[in-house]
There are 2 protein chains.
Amino acid sequence: MFKINENYLKLPGSYLFFTIGKKVKEYSQAHPEKQIIRLGIGDVTQPLAPAIIEAMHGAVDEMGNAETFRGYAPDLGYEFLRNAISRNDYKARGCGISADEIFISDGAKCDSGNIQEIFSVDNRIAVCDPVYPVYVDTNVMAGRTGVYDGKTETWSDVIYMPCLAENDFLPELPKETPDLIYLCFPNNPTGSALKREQLQEWVDYANKVGAVIIYDAAYEAYISQEDVPHSIYECAGAKHCAIELHSFSKNAGFTGVRLGYTVIPKELECDGVTLHSLWARRHGTKYNGAPYIVQRAGEAVYSEAGKEQLKQQVAYYMKNARYILDGLREAGYTVSGGVNAPYIWLKAPKGMTSWEFFDYLLENANVVGTPGSGFGPSGETYFRLTAFGSYENTVEAVERIKAL
Amino acid sequence: MFKINENYLKLPGSYLFFTIGKKVKEYSQAHPEKQIIRLGIGDVTQPLAPAIIEAMHGAVDEMGNAETFRGYAPDLGYEFLRNAISRNDYKARGCGISADEIFISDGAKCDSGNIQEIFSVDNRIAVCDPVYPVYVDTNVMAGRTGVYDGKTETWSDVIYMPCLAENDFLPELPKETPDLIYLCFPNNPTGSALKREQLQEWVDYANKVGAVIIYDAAYEAYISQEDVPHSIYECAGAKHCAIELHSFSKNAGFTGVRLGYTVIPKELECDGVTLHSLWARRHGTKYNGAPYIVQRAGEAVYSEAGKEQLKQQVAYYMKNARYILDGLREAGYTVSGGVNAPYIWLKAPKGMTSWEFFDYLLENANVVGTPGSGFGPSGETYFRLTAFGSYENTVEAVERIKAL
């Protein structure tokens, strides 16, 4: 008789955004007249930039023509896209990442969930707390996290690095030694950012203890300050200890287009085996490439017109972030983030828990945010708002919150 | 110090099609004047049908417009596509599979590689021999296959079901009891097909011993005989023991578009836990949906115009299959398949091994096929040709082989 993967049953409750969706649906069915504004899930709202639309139409036409039709893509992705990434995201920043160290995928969520597979199940992971749930949940599914304690909402074999107001929502080097360290900066959910010399400390630490940093750079396009690094490879020694994940969802609005990439430098190895070769094997065996049309869309992100249009799109969302930050401060809230990231992290008022504030905001302002506790125990009493709404909705949401 | 997943190191050699690609590249660099015809990898060559191109252009336009832009897709896929699948692929065939038992993905390769994750690592798998390499390799990566014997090219914990000329290239019920049974019919690589009452025996067997059948129906569009089932759910009791995988790659030419789906009936459970809930959790945690544009392309596959155009596309490839079958028979080869599948399976002549025949064909006819031994030990001395080339190339390849 077959058996299931018992690790799946250890996962507490259901995925955060699923629960939010259910609550919102129930509320809106009970109150169909209410105009709900969603600043919860990090989904974009602006249409794709014209340069990207043009590239996609062109690629669709190619697929309809026998001479230009494309079947299976190369395992690691088309060279035109990997070259554009290497040139623009790395070489232009002084990072020597070559095209063959870049793996194209259908998004950073998949990569951040799948990357743990190439490591031993005995490896110990360290995560920020609060944290993007996918890092921990996928390690639970793999059986790497030990026993769950429902009271503290923590796993026995996970090293948590609390990110709280007292440390500017930045993790401190852990006391216990991890094998894999998940870092996401600019951070989801807190919107905090590590400066270059702070990230260098992490790289030095990882090289010292023999850990791998899985660096999620999904929000790098939102960096506005000079001393905040766009890539971990801006730090010396990072090629020996870091894997970097990139998304096109936030910088180019690809949440419904699906494109991302992962960098594994060829220097990164364990007992003579490169992690690059393991990930290449996984790509070749379990994956079949991002659609040709989507890879052409990705290439257009790096065209001159695309870059200019996307700079404006990012500025549009950051204007929202500024509006939320200023408005909530004015209303007396304690807020952070929003300067190098599209997320605003605020303290729930009047001693409310995160979910109490979620319900309060949904019912009284008809605004949907994300409860901080959904990202981990240290997120309790915090709340995340995103800058990804339309400007009009953002203004309206802030005014409603101010009027409470 | 971090450690890698040691199971990856157990994988012998590299992925079959990678090796073929390398050999072909080396040959063509040494002989740039030769016109090589590729009938190896199962990649299609005909452009996308006009109805699909039209749908994709429409969806691209929607993505460029704020009112119709789509961000994250629903976890299990858009309802418009799941409804079309339920109606056309199931209800029209008398199978009561509902839209919410269908999970949209970026292809059957990914699904067939990932599906093992929801099962215990202690489960024992059974595979046909020869077999699509992904089934076995992904179980190796998960640590489910025991020790590899390089001499017999088999894994100690895998149950092999030889498919040879003497059993019409169809598997027999295994002597040892498996937990998971991978079946792909119409078959890749042999092109053989199970009749409805033969598949019913497998369903009855699985229900008797408590095994799950992972049924890969990627080639169902090529079925030409009445008594060959298009879905395992045409068999009584299959909803209690079978997961079905579907591809859009072969019936609609989506190898470079990337779309597939997996069916998990809600009846399928283990100790009260439905496999549907586990796969839904995996989708929600590790995956972020197929692109909106691609899901609209999938919907067009089921439009009246799409169905008519794709019927012609399948007929085009099956004309190739007929030509290869007839031509090789005429030349004295022992051939099978090609009637309900786009693959022709032939015996290498003059006692050659599969790879010897590969080299022989590459060097003397400049035709690329796939060595049967790459699909498992029982594939040795066999060879696979695909019908996915252009008609002109197929005719030319057959004439060259006949002239040897």
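For the structure, see preceding data.
Summarised in this report is the structure supplied together with it.

What counts, and at which threshold
Residues numbered from 1 in each chain as written. Chains lettered and ligands numbered in written order. Predicted model: local features only at pLDDT ≥ 70, side-chain atom pairs only at ≥ 80, totals over all residues. Heavy atoms only, no water. Pairing = 2+ DSSP bridges. Helix = DSSP H or I, 4+ residues; strand = E, 2+ residues; numbered from the N terminus. Axes fitted to C-alpha atoms, helices over the stretch in contact; angles between N-to-C directions. Core = buried A, V, L, I, M, F, W, Y, C linked by side-chain atoms within 4.5 Å. Buried < 20%, exposed > 50% of the residue type's maximum accessible area, 1.4 Å probe, protein only. Contact = heavy atoms within 4.5 Å. Buried area = accessible area lost by both parts, 1.4 Å probe. Salt bridge = Lys/Arg side-chain N within 4 Å of Asp/Glu carboxyl O. Polar contact = N/O pair within 3.5 Å; in protein donor to acceptor, adjacent residues only side chain to side chain. Nonpolar A, V, L, I, M, F, W, Y, C, P; charged D, E, K, R; others polar. Phe/Tyr/Trp six-rings, centres within 6.5 Å; stacked < 30°, edge-to-face > 60°.

## Here we look at the sheet that holds strand 2 (residues 102-105) of chain A
All names here are of chain A. Spatial ordering of the open sheet is given by 2-10-9-8-7-3-6, a layout of 7 strands whose pairing is mixed. The open sheet terminates on both sides in strands that have one partner only, identified here as strand 2 and strand 6 (158-162). Averaged over all pairs of adjacent strands, the angle between strand axes in this sheet comes to 20°, irrespective of strand direction. Relative to strand 6, strand 3 (residues 125-129) runs parallel, the two being bridged by 5 bridges. Counted as the bridge partner of Asp129 is Pro162 from strand 6.

## Considerations on the nonpolar core
Soluble, globular proteins show a tendency: their nonpolar side chains are buried together. Grouped together as the largest cluster of nonpolar side chains are 284 residues, with contacts concentrated most on A:Ile52, A:Leu275, B:Ile52 and B:Leu275. Apart from the residues lying within four places of it in its own chain, the contact partners of B:Leu275 are A:Phe2, A:Ile4, B:Ile118, B:Phe119, B:Val212, B:Ile243, B:Ile264, B:Leu268 and B:Glu269.

## Brief notes about the interface of chain B and chain A
Accessible area lost when the parts come together is the quantity often used to give the size of an interface. At the interface, 79 residues of chain B touch 78 residues of chain A. Of the roughly 6500 Å² buried between chain B and chain A, counting both surfaces, carbon and sulfur atoms make up 62%. Linking chain B with chain A are 2 salt bridges, by the criterion used here. With a shortest N-O distance of 3.6 Å, B:Asp137 and A:Arg281 are connected by a salt bridge. Run the count over chain B and chain A and you get 27 residue pairs in polar contact (both at pLDDT 80 or more). Of all the secondary-structure elements, those providing two or more residues to the side of chain B that touches chain A are helix 1 (7-10), helix 3 (50-63), helix 5 (108-114), helix 6 (133-141), strand 11 (269-270), helix 8 (275-286) and helix 9 (292-301) of chain B. Ranked by residue count, the leading element in the side of chain B that touches chain A is helix 8 of chain B, at 8 residues. Within the side of chain B that touches chain A, the residues separate by chemical class into 39 nonpolar, 25 polar and 15 charged.

## Let's talk about the packing of aromatic side chains
Residue and element names in this part refer to chain A. As enumerated under the stated definition, the model contains 52 aromatic pairs over all chains in all. An angle of 50° between the planes, with centres 4.8 Å apart, marks the rings of Tyr148 and Trp155 as tilted. When its relative accessible area of 28% is taken as the criterion, Tyr148 is described as partly exposed. Classification of Trp155 as buried rests on a relative accessible area of 5%. Where Tyr343 meets Phe388, the ring centres are 6.2 Å apart and the plane angle is 90°; that geometry is what we call edge-to-face. Taken together, the residues span a long stretch of sequence, with Tyr343 in strand 14 (residues 343-347) and Phe388 in the loop between strand 17 (382-386) and helix 12 (391-402) at a distance of 45 residues.

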